[in-house]
Amino acid sequence: MTLKFPVPFKHEHPPVQNVNELIEDRYTVGQRAADTVAQTVGSWTFILIQSGLLLCWAVLNVTAYIRHWDPYPFILMNLVLSLQAAYTAPLIMMSQNRKAMRDRIEAHEDFLINQKAEVEIRSIMEHLVAQGAALSELHRLVTTLVDRSGDRG
């Protein structure tokens, strides 16, 4: 019996790439700004600073310590907050949409890597099966030789 081994596996696929680097290299200034705004507005630091500013605004206007530039019910403060929300919300949504797109790209890249791994694992398994057959044949031959030499002696 002649032993047959599979043809050695050839890696013909492109190398794995870092999706984060590929995507971030293509960001425009506006996209980077949207991500920065979303990251800043979504932080405790921003919430605490904004809360402090709003509290100072309300206290200064209620007590008239400086002068009433926005008396109760704080219409100017509501206008400022509305403008902030009007510009912040779309920027956050743009950032979230881009992150969702990035997640889809990463999921697709994971799928491609899993396909490559499956092909390579299949090749490894074929080699293991061939090695198992070779070892069985070698074991049979060695056993036959031992039996023959035992008959002579």
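Residues numbered from 1 in each chain as written. Predicted model: local features only at pLDDT ≥ 70, side-chain atom pairs only at ≥ 80, totals over all residues. Heavy atoms only, no water.

Asks: I'd like a description of the packing of helix 2 (residues 29–41) against helix 4 (residues 75–152), backed by residues and values.
Replies: Close contact between helix 2 and helix 4 brings their axes to 8 Å; oriented N to C, the two are set at 110 degrees. One element, helix 2, and the other, helix 4, form an angle in the roughly perpendicular class. Residue-level inspection shows Gln31, Ala34, Asp35, Val37, Ala38 and Val41 of helix 2 in contact with helix 4, the latter providing Thr88, Leu91, Ile92, Met94, Ser95, Arg98 and Lys99. Per-class residue counts for the contact of helix 2 with helix 4 are 7 nonpolar, 3 polar and 3 charged. (Axes fitted to C-alpha atoms, helices over the stretch in contact; angles between N-to-C directions. Helix = DSSP H or I, 4+ residues; strand = E, 2+ residues; numbered from the N terminus. Parallel < 35°, antiparallel > 145°, perpendicular 65-115°, else oblique. Contact = heavy atoms within 4.5 Å. Nonpolar A, V, L, I, M, F, W, Y, C, P; charged D, E, K, R; others polar.)

Asks: Describe the packing of aromatic side chains, and please don't skip the residues or the numbers.
Replies: Aromatic rings considered in pairs are described by the distance between their centres and by the relative angle of their planes. A complete count under the given rule lists 2 aromatic pairs for this structure. With a centroid separation of 5.7 Å and 65 degrees between ring planes, the pair formed by tryptophan 57 and tryptophan 69 is classed as edge-to-face. On the criterion of sequence distance, the pair formed by tryptophan 57 in helix 3 (residues 44–63) and tryptophan 69 in the loop between helix 3 and helix 4 is long-range, its members being 12 residues apart. Plain terms: the ring middles of tyrosine 72 and phenylalanine 74 are 5.6 Å apart, the flat faces sit at 85 degrees to each other, and that makes the pair edge-to-face. Overall, the relative accessible area of 68% leaves tyrosine 72 in the exposed class. The exposure class of phenylalanine 74 is buried, given its relative accessible area of 10%. (Phe/Tyr/Trp six-rings, centres within 6.5 Å; stacked < 30°, edge-to-face > 60°. Buried < 20%, exposed > 50% of the residue type's maximum accessible area, 1.4 Å probe, protein only.)

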